Amino acid sequence: MGYRDPVESADVVVIGAGIFGASIAFQLARRGAGRVVLIDERGPAGGMSGRTFNQVRRHYSNELTIRLANRGFEVLDHWADEVGVGDPGYVRFGYLLLVPEEAVEACKGNIALGTRCGVDTRFLEPGEIPDVEPLVNLDGVAGAAFEPDGGVIDVHKMILSWVVAGIGHGLVTRFGAAVAAVEAEGDGVTGVRLRGGDVVRTPVVVNAAGLWGRDLVAPLGVALPIAFFRLHMAYLRQRVGQLQLRVAVTDTAGGLVMRPDQGPLALAVAYEKDQAPRDRPSDDAGVAPGYERFLRETLRRRVPAYADATWERAVSGLYDVTPDWHPILGWAPGVEGLYLALGWSGHGLKLAPAVGEVVAQEVLNETPSIDISPLRLQRFQEGRLMHLAYGPGARA
Ligand SMILES: Cc1cc2nc3c(=O)[nH]c(=O)nc-3n(C[C@H](O)[C@H](O)[C@H](O)COP(=O)(O)OP(=O)(O)OC[C@H]3O[C@@H](n4cnc5c(N)ncnc54)[C@H](O)[C@@H]3O)c2cc1C
């Protein structure tokens, strides 16, 4: 089939070639799910996966998320065997989570949980932090969690590797095509209608359309509790002869997240406190007026060596956030054949390899290798929210 030929039918349609859709489509194709069609109007990594901070770590508040992250790191370490094409661009430089006094107990609890789940992590007293990262100002810092395996991945490389590997297993891609609607008759999915009118008939649709996934299924009566939060990121160039950041630093109290980037660059985020959620998704990558000053003030308090660094460029994106800052994974109630993989709440990247596997297993009616039932949509109605040791936020 030529890459422009109309696709009339599929066994599974995956909407969205971001990190989740690409991982899921690869796993479905590899596991012999029949004709799997991956559709994306912007192309691979054209959504939020193309703008992300790229950070990976395993410090989490619940066992399920740690298990998904553990499997993710395993795949990063054995990419050639697991995927067979490309590489994930994983660079390990360590992850340091700074906590104030009131969060020490939660931090130690997460470390104990992580250790029980096999994560290499430990608590650092303030006096031990400069050995790991000398550039941090320790005012108000009562300790830190440290994970030597934390670092970055290259999300573009991962997505393209999965897509190319998937094509090798028969995956059909349609990039530049937009799904206008998921069609259903009675209680079940029958296909997707593309903008322009073509219909791809299919009994199964996996909705991995990121920010746009919520509104795509609303006409089917599937109401998803997802709101959007804007995040600004700036690339800063350190001055010649100055010390450079060594590890990824997250400052829970000061609202700063920062990591080394290429050469003399670092990537930094200052979190706006009490940001009101937005109701509409958006492609806008612009940065709010005043953000540069806000970030420099935040840096001056915590990593002063970067407060006057050269401003290279800045970009923003939206988090798709659920009420408990954990994703929605599973079949949509009331619409047979519609699978939801949405609401990653700003921290999903390292979960994507495992998510591809478990979603493919559920779609193929197999028992998933990790039980993801606590992430079903129904949890919000049933009041079974995921535990957050630090309260609402992408720290999760
Ligand atoms: C600024 C920023 C920084 C972040 N930093 C981190 C981090 O450091 N670590 C971490 O773990 N997470 C981070 N995240 C979160 C993470 O990047 C996202 O959760 C993840 O990339 C979302 O992937 P996705 O596949 O769900 O969505 P996307 O990557 O947005 O993919 C969805 C795709 O669906 C396509 N699509 C949508 N609607 C349609 C349609 N109707 N028809 C066809 N195609 C459609 C889009 O074109 C898009 O390509 C960050 C997020 C942002 C915004």
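Residues numbered from 1 in each chain as written. Predicted model: local features only at pLDDT ≥ 70, side-chain atom pairs only at ≥ 80, totals over all residues. Heavy atoms only, no water.

### Description of the nonpolar core
Residues Val-14, Ile-19, Leu-28, Trp-162 and Leu-329 are the most contacted members of the largest nonpolar core, which totals 72 residues. The element contributing the most residues to this core is helix α1 (residues 19–30), with eight residues. In this structure, this core is formed jointly by two domains, domain 1 (12–53 + 155–226 + 324–382) and domain 2 (95–148 + 229–319), each of which donates at least three residues. Contacts of Leu-329, omitting those with residues within four sequence positions, involve Tyr-339, Leu-340, Ala-341, Trp-344, Val-355, Val-359, Ile-372, Leu-375 and Arg-376. Counting residues in each nonpolar core, the second largest holds 33 residues, with Ala-10, Val-182, Val-222 and Ala-332 among its members. (Core = buried A, V, L, I, M, F, W, Y, C linked by side-chain atoms within 4.5 Å. Buried < 20%, exposed > 50% of the residue type's maximum accessible area, 1.4 Å probe, protein only. Helix = DSSP H or I, 4+ residues; strand = E, 2+ residues; numbered from the N terminus. Domains from an automatic or database assignment. Contact = heavy atoms within 4.5 Å.)

### Details of the domain arrangement of the chain
Parsing the chain into structural domains produces domain 1 (12–53 + 155–226 + 324–382) and domain 2 (95–148 + 229–319). Summarising the inter-unit geometry, the C-alpha centres of domain 1 and domain 2 are found 30 Å apart. Counting from both sides, the interface comprises twelve residues of domain 1 and, opposite them, 20 residues of domain 2. Here domain 1 packs against domain 2, burying approximately 1,300 Å² in sum over the two surfaces, 58% of which is carbon and sulfur. Where domain 1 meets domain 2, there are three salt bridges. For the pair domain 1 and domain 2, the interface holds seven residue pairs in polar contact (both at pLDDT 80 or more). (Buried area = accessible area lost by both parts, 1.4 Å probe. Salt bridge = Lys/Arg side-chain N within 4 Å of Asp/Glu carboxyl O. Polar contact = N/O pair within 3.5 Å; in protein donor to acceptor, adjacent residues only side chain to side chain.)

### Considerations on the packing of aromatic side chains
Tallied over the entire structure, the rule returns eight aromatic pairs. Ring geometry for Phe-73 versus Tyr-90: centroids 5.8 Å apart, planes at 85°, classification edge-to-face. One end of the pair, Phe-73, is in helix α2 (residues 63–77); the other, Tyr-90, is in the loop between α3 (79–82) and β4 (91–92), with 17 residues separating them in the sequence. Comparing Phe-73 with Tyr-90 shows no difference in burial state: the two are buried. Between Phe-229 and Trp-325 the ring centres are 5.6 Å apart and the planes differ by 35°, which places this aromatic pair in the tilted class. Here the residue Phe-229 occupies a position in strand β14 (residues 227–237), and Trp-325 occupies one in the loop between β18 (310–321) and β19 (328–331), the gap between them amounting to 96 residues. In terms of burial, Phe-229 and Trp-325 fall into one category: buried. Through pairs of rings, three or more aromatic residues link up here, namely Phe-229, Tyr-319 and Trp-325. The ring of Tyr-60 has Arg-57 sitting right over it, with the charged end atom 4.4 Å from the ring centre. (Phe/Tyr/Trp six-rings, centres within 6.5 Å; stacked < 30°, edge-to-face > 60°. Lys NZ or Arg CZ within 6 Å of the ring centre and 35° of its normal.)

### Re the sheet that holds β18
Strand order across the open sheet formed by eight strands is β6-β7-β5-β15-β16-β17-β14-β18, with mixed pairing between neighbours. Across the chains shown, the open sheet's two edge strands, defined by having one partner strand only, are β6 (122–124) and β18. Strand after strand, the sheet turns through a mean of 20° between neighbouring axes, direction not considered. By the bridge criterion, four bridges tie strand β5 (residues 95–99) to strand β15 (residues 248–251) in an arrangement that is parallel. By the bridge assignment, Leu-97 is partnered in β15 with Thr-250. Where helix α4 (residues 104–116) meets the sheet, its contacts fall on β5, β6 and β7 (143–147), and the angle it forms with β6 comes to roughly 150°. Taken strand by strand, helix α8 (residues 291–302) contacts β5, β14, β15, β16 (256–260), β17 (265–270) and β18, and its axis lies near 100° from that of β17. (Pairing = 2+ DSSP bridges. Axes fitted to C-alpha atoms, helices over the stretch in contact; angles between N-to-C directions.)

### So, the layout of surface pockets
Reported here for the largest pocket is a volume of approximately 940 Å³. Around the largest pocket, the lining comprises 50 residues; the ones closest to its centre are Gly-47, Met-48, Ser-49, Leu-318 and Asp-320. Taken together, the elements giving at least two residues each to the lining of the largest pocket come down to α1, β2 (36–40), β14 and β18. For the lining of the largest pocket, the element with the most residues is β18, which contributes five residues. When its residues are assigned to classes, the lining of the largest pocket shows 25 nonpolar, 16 polar and nine charged. (1 Å grid on protein atoms, 1.4 Å probe; cavity = no way out; pocket = protein on both sides within 12 Å on 5 of 7 lines; lining within 4 Å. Points joined across faces, edges and corners; volume = space filled by probe spheres on them. Nonpolar A, V, L, I, M, F, W, Y, C, P; charged D, E, K, R; others polar.)

### A word on the site of the ligand
Surveying the vicinity of the ligand reveals 38 residues, the closest of which are Asp-40, Met-48, Ser-49, Val-179 and Leu-349. Phe-53 has a polar backbone atom sitting 3.2 Å from a nitrogen atom of the ligand. A distance of 3.0 Å is found between an oxygen atom of the ligand and a backbone nitrogen or oxygen belonging to Gln-55. Burial of the ligand by the protein amounts to 97% of the accessible area it has alone, namely 1,000 Å². Among the cavities detected, the one that contains the ligand is the largest pocket. Of all the secondary-structure elements, those providing two or more residues to the shell around the ligand are α1, β2, β14 and β18. Ranked by residues supplied to the shell around the ligand, first place goes to β18 with three residues. For the shell around the ligand, the class distribution of residues is 20 nonpolar, 13 polar and five charged. Per-domain counts for the shell around the ligand show at least three residues from each of domain 1 (12–53 + 155–226 + 324–382) and domain 2 (95–148 + 229–319). (Near = heavy atom within 4 Å. Areas by Shrake-Rupley, 256 points an atom, 1.4 Å probe, with all protein chains shown as cover. Sits in = over half its atoms within 2 Å of the grid points.)

### Comments concerning the side chain of Ser-23
The topology assignment puts Ser-23 in helix α1. Judged by relative accessible area, Ser-23 falls into the buried class, the value being 1%. In contact with Ser-23, not counting residues within four places along its chain, are Trp-162, Ala-352, Pro-353 and Gly-356.

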